[in-house]
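Structural characterization, general
Letter by letter, the chains look like this.
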Amino acid sequence: MNLTQIFDLSLQGRREQVGLEFDGQTYTFGEIDARSNRMAALFTARGLERGDRLCVYLANCIELIDIFLACVKLGVIFVPINILYREREITHILADAKPKAVIASQDMPAGAPLWRLDELKTSPDTPRPEVPLDGDSPAALVYTSGTTGVSKGAILTHNNFAANGVNLTTCWAITEADRLLLSLPLFHVHGLANGLHCWLISGCRMRLLERFEHQKAAAEFLDFRPTLFFGVPTVYVRLLGFPSEIAREVGSFARLFVSGSAPLPSQVFEEFQQKFGHTILERYGMTETLMNLSNPYWGERRAGTVGFPLPGISARIVNGEVQLRGPNVFAGYWQREEATQAAFDEGWFKTGDMAERSADGYYTLLGRKSDLIISGGFNIYPREIEDFLAEQEEVAEAAVVGIADEVRGEIPVAFFVARKPITTEDLAARCRAALASFKVPRRFVAVEQLPRTALGKVQKHLLVSLNSSL
C-alpha cells in the first residue's frame, strides 16, 4: 500500500470530521483531501511528474500540508528545506537534489524555478490524481548531516513512513479521540513523520502552530487542551517555566508527552514528572530510519533510556555502536552509492550512535561515534562550520566542539588560530550571515595552536576541557 491509501482512513473515512486547526481556522479531513487534490492538479499543470523532486522552504502552514499530500498522491518526491538555512546551505541542497521547482515565500538562490507560495492559485474542486505507486516508491528526500561529511539526502519511501506511523499510532495508543498540539517544524522528520503521519493515520484533531513560542505556550495549551504533545528537550525546559497551577491543569487533561531528537536530561525528566504529574516518554530516531526505539506506553519509562526496539525493527550493538534493520530504514543516500554502502554492514544500518543494553532490554545512548553536535534537536556537523571559518582570510585553522548546555543539550563552541587580527564579534557576524542560526558558535575562543596528536589529528576532547577552564 502507499501512503494515500493509509491516509484515507481519515481523508475518506472521516471526511466530515474536523481534523485540523491552523491560524484560527478549522478544516475537515474532506476539505484537506480536496485542497491537496487541487494542489496536485496545479502541480501537474506546471509539469511535475512522478519521480521529480520539489523543494519546499516554508514555515509551518496549511499550504505545506497541501503540498506534501499533493506530492504523495503524484509520486513527486517532497524535499523539505530547514527554514533556518542560509544561501550556502540551500545552494548545496538545490545542486544535489536537482528539483523541478522550489516553493518558497521569499527569494531563493538560483538553481530551480521559484514558485512563490502566494502565486499557487488552485482551481475549483478537481478529482484525485490516479498515479500507480507502491510502498517502495520514494516519498521524501530529507537532508541530514548524518555522521560524516557534507549534508546528504536520505531517501524515505512510502513504506518507511507507513511503518513508522503505524508503529507510533499503535504503540502510543493514539486514536481519533486524541487532540495533538504540534509545534514541531514540518521540515524535520520529527514533525513530518511523527506528527503529521500519526495525525492522518489516527484521525485525531490537530492544532498546528507555525512554531513553538514559549511566551504563548501556556495559552495554547489551556485553549486547545491537547491530550498529546511531541517536543524536543529544549521545549520541555521551556515548559518547566509554567506556573505550578498552569502545569497542574495542563497535566490534568494531557495523556502523553513524548520527547526526542536529542537526549533528555534526567533532571528535566524528573522535574517535569513532579510539576506536571506526567512521565515523559523518550524515544530514539534518526532522519535515515525515522523512529527506532521507544520507552513503553504501558510499563516503566526509564529515565535516561530510549526503551526497546519498535515492532518489526531489529537492533544490535556492535563494538558499542547501535545497528538497525527493519521497514523503517531508508532506501539509501541520494546519488551517493559509496556513502550508502558504507552506511550498512550486511544489511544492518550503522547509526553512529554508541549505546549499551540493560539486562532487561532497555537501551541507553552514550553519545555519538562521531563528533556530531545535537543542539535543540537540530544536527550540527562541526566540519561544516570549521570549513567556513577556514575560508576567512584572517583564520589559519579552526575546530568546533559541542559543549553541554542546560537548555539546548549542546551548543557549538569554536576555537580558532588567527592569521590576521580579527574580533570574535566579526567572526560571529559572518557566521550569522552564512549559516543557520542554530549552527552559529555560541562562543569563539582564540588560541595560539590547536592541540593535536602525533599524527596531526585535533584532540577535541582537550578543547572541551579548555572551554571548561576558561
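The structure we're discussing is the one just above.
Scope of this entry: the structure provided in the associated data block. Here the structure is a predicted model, which means the values were calculated and not measured.

Positive phi outside glycine occurs at D23, with the angle close to 55 degrees. Residue position: D23 is located in the loop between β1 (18-22) and β2 (25-28). Relative accessible area serves as the criterion here: at 66%, D23 is assigned to the exposed category. Unlike most non-glycine residues, L290 shows phi in positive territory, near 55 degrees.

Quick look at the packing of helix α1 (residues 3-11) against helix α6 (residues 189-202) now. Two elements in contact, α1 and α6, have axes whose closest approach is 6 Å; the angle formed by their N-to-C orientations is 60 degrees. By the angle class used here, α1 and α6 are oblique. Residues L3, I6, F7, L9, S10 and L11 of α1 touch α6, and the partners they reach there are H197, W199, L200, I201 and S202. Looking at the contact of α1 with α6 residue by residue, the classes come out as eight nonpolar, three polar and no charged.

Attention now moves to the pattern of salt bridges. In a structure, side chains of opposite charge can pair up when their charged atoms sit close to one another. On inspection of all chains with the given rule, the structure shows 31 salt bridges. Its salt-bridge partner being D33, residue R15 comes within 3.1 Å of it at the nearest N-O pair. Here the residue R15 occupies a position in the loop between α1 and β1, and D33 occupies one in helix α2 (residues 29-45), the gap between them amounting to 18 residues. Residue R15 is classed as partly exposed on the basis of its relative accessible area of 31%. By relative accessible area, which is 3% here, D33 ends up buried. The salt bridge partner of R430 is D426, with a shortest N-O separation of 3.1 Å. Placement of the pair is R430 and D426 together in helix α13 (residues 424-434), with a separation of four residues, close to one helical turn. The structure contains a network of salt bridges with shared partners spanning D8, R15, D33, K73 and R128.

A word on the pairing of strand β20 (residues 363-368). Across five bridges, the pairing between strand β19 (residues 348-357) and β20 is antiparallel. Looking at β20, one finds that M354 is bridged to G367. Counting the residues between successive antiparallel strands, the hairpin from β19 to β20 contains five residues, one of them, G361, with a positive phi of roughly 100 degrees.

Calculation criteria
- Residues numbered from 1 in each chain as written.
- Predicted model: local features only at pLDDT ≥ 70, side-chain atom pairs only at ≥ 80, totals over all residues.
- Heavy atoms only, no water.
- Helix = DSSP H or I, 4+ residues; strand = E, 2+ residues; numbered from the N terminus.
- Buried < 20%, exposed > 50% of the residue type's maximum accessible area, 1.4 Å probe, protein only.
- Axes fitted to C-alpha atoms, helices over the stretch in contact; angles between N-to-C directions.
- Parallel < 35°, antiparallel > 145°, perpendicular 65-115°, else oblique.
- Contact = heavy atoms within 4.5 Å.
- Nonpolar A, V, L, I, M, F, W, Y, C, P; charged D, E, K, R; others polar.
- Salt bridge = Lys/Arg side-chain N within 4 Å of Asp/Glu carboxyl O.
- Pairing = 2+ DSSP bridges.

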